[in-house]
Amino acid sequence: MKPSRQSSQYVVQQLIILLLIVLAACLLFAVGLMVGYGVIGDGDSMWSILSPAKWQELIGKFTGK
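An unreviewed UniProt entry lists the protein under the name DNA-directed RNA polymerase subunit beta, from Streptococcus ovuberis.

What follows is the structure, encoded as structure tokens:
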């Protein structure tokens, strides 16, 4: 049975919606980290929480390394 064009368009639309939801979730997660670290917490800059060096420091605190 040959898939119809309409069903393939439906699948593509659903994948696009899923991708947009994942991107929005990542964006909201990053904004939440920035607000929590820079505004509410004792962080020096809200942008510093997005740097890899800060994440290595935080992981090191939790793992004891």
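Asks: Please explain the pattern of salt bridges as it appears in this structure.
Replies: Between side chains of opposite charge, a pair can form as their charged atoms come close. Taken as a whole and judged by the stated rule, the model has 2 salt bridges. In this structure, the salt-bridge partner of Glu57 is Lys54, at a minimum N-O distance of 3.4 Å. Highlighted residues: Glu57 and Lys54, both in helix α2 (residues 52-63), separated by 3 residues, approximately one helical turn. A salt bridge links Lys61 to Glu57; the shortest N-O distance between them is 3.6 Å. In this pair, Lys61 and Glu57 are both assigned in helix α2, 4 residues apart and thus about one turn of the helix distant. Overall, Lys61 belongs to the exposed group, its relative accessible area being 60%.

Rules behind the numbers
- Residues numbered from 1 in each chain as written.
- Predicted model: local features only at pLDDT ≥ 70, side-chain atom pairs only at ≥ 80, totals over all residues.
- Heavy atoms only, no water.
- Salt bridge = Lys/Arg side-chain N within 4 Å of Asp/Glu carboxyl O.
- Helix = DSSP H or I, 4+ residues; strand = E, 2+ residues; numbered from the N terminus.
- Buried < 20%, exposed > 50% of the residue type's maximum accessible area, 1.4 Å probe, protein only.

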